[in-house]
Amino acid sequence: MLRRINQALPGLLLGIVFYGLALWLVGIWFVGDRIQYTVGLWIGVALAAGMAVNMAIVILDTVEAMEENRSSRKPLLYAVVRYVVLVAAFLAVWYLKIGNVIAMFAGVMGLKIAAYLQPFTHKFIVALQGRSLHGRRIKNKKI
């Protein structure tokens, strides 16, 4: 389903999760309050994944609107809503002391890191599916 929205979205989400997992495995040894760190980090990772899905949907809607030669204010509206939700989440985590805000910020930055790593995660997904980069199946050859 995610591939129907955007071809790059599954690789992007995989990169966000791998980044979050790596950051958690490394950071858990250096923080004082491990629960706060873990909760903050995974809230940030969830926000990054939500932002990625939201952006992919907005791109799809925008392309469809352009094909029909109509203008749309949806991209601007969704961008504003996306950042309002992000700021509200940061304020809620900070005010309610649910998690570590710095770890949450690091988790949200997973969106940026995953965007840079997306070509590599795409190759990884393709290799797992047993297909070539052009969508054709690769036959398993016995050696």
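This one's a predicted model, so the numbers in the text were calculated from it and none came from an experiment.

Brief notes about the overall build of the chain
Alright, step 1. What the chain contains, in helices and strands, is six helices and zero strands.
Alright, step 2. Listed by position from the N terminus, the elements making up the chain come as α-α-α-α-α-α.
Alright, step 3. Counting the 143 residues in the chain, one finds 30% classified as buried.
Alright, step 4. Restricting to contacts in the chain with at least 6 residues of sequence separation, those with at least 24 account for 65%.
Alright, step 5. Surface accessibility of the chain: about 10,100 Å² in total, with carbon and sulfur atoms responsible for 69%.

Structural notes on a nonpolar patch on the surface
Alright, step 1. Among the surface-exposed residues, Ile35, Val39, Val87, Leu91, Trp94, Tyr95, Leu96 and Ile98 lie close enough to one another that they form a single nonpolar patch of about 880 Å² accessible area.
Alright, step 2. At the level of elements, helix 3 (34-67) and helix 4 (74-96) are the ones that each hand at least two residues to the nonpolar patch.
Alright, step 3. With five residues, helix 4 is the largest single contributor of residues to the nonpolar patch.
Alright, step 4. Considering the arrangement of structural elements, one finds Val39 in helix 3.

A few points about helix 3
Alright, step 1. Under the 1.5 Å per step criterion, the end-to-end length of helix 3 is 49 Å for 34 residues, consistent within 8% with the ideal 50 Å.
Alright, step 2. Asn69 sits one or two residues past helix 3 and shows a positive phi near 55°.

A short note on unusual backbone geometry
Alright, step 1. In this structure, Lys97 takes a positive phi of about 55° despite not being glycine.
Alright, step 2. Secondary-structure assignment places Lys97 in the loop between helix 4 and helix 5 (101-108).
Alright, step 3. According to the relative accessible area criterion, Lys97 is exposed, its value standing at 61%.

Concerning the environment of Asp33
Alright, step 1. With respect to the element layout, Asp33 can be found in the loop between helix 2 (9-27) and helix 3.
Alright, step 2. Residues Asp33 and Asn100, spaced 67 residues apart in sequence, show a C-alpha to C-alpha distance of 8.8 Å.

Here is what the cut-offs are and how they apply
- Numbering of residues starts from 1 in each chain and follows the order in which that chain's sequence is written.
- Residue-level local features of this predicted model are given only where pLDDT is at least 70; pairs of side-chain atoms are given and counted only at 80 or more, and the full residue set underlies all totals for whole chains, interfaces and linings.
- Only hydrogens and water are set aside; all other atoms, that is, all heavy atoms of the structure, feed into the side-chain values.
- Numbered from the N terminus, helices here are DSSP runs of H or I no shorter than four residues, and strands are runs of E no shorter than two.
- Classification of residues uses two cut-offs on accessible area relative to the type maximum, computed with a 1.4 Å probe and protein chains only: under 20% is buried, over 50% is exposed, and between them is partly exposed.
- Contacts were defined at the residue level, with two residues in contact if any of their heavy atoms lie within 4.5 Å.
- For the area figures, the Shrake-Rupley method with a 1.4 Å probe applies, and any residue is considered shielded solely by the protein chains shown.
- Excluding any residue in a salt bridge, patches collect residues exceeding 30% relative accessible area, merging like charges within 9 Å and nonpolar Val, Leu, Ile, Met, Phe, Trp and Tyr side chains within 5 Å.
- A pairing counts as a salt bridge when a side-chain nitrogen of Lys or Arg comes within 4 Å of a carboxyl oxygen of Asp or Glu.
- In this analysis, the expected span of each helix is defined as 1.5 Å times one less than the number of residues it contains.

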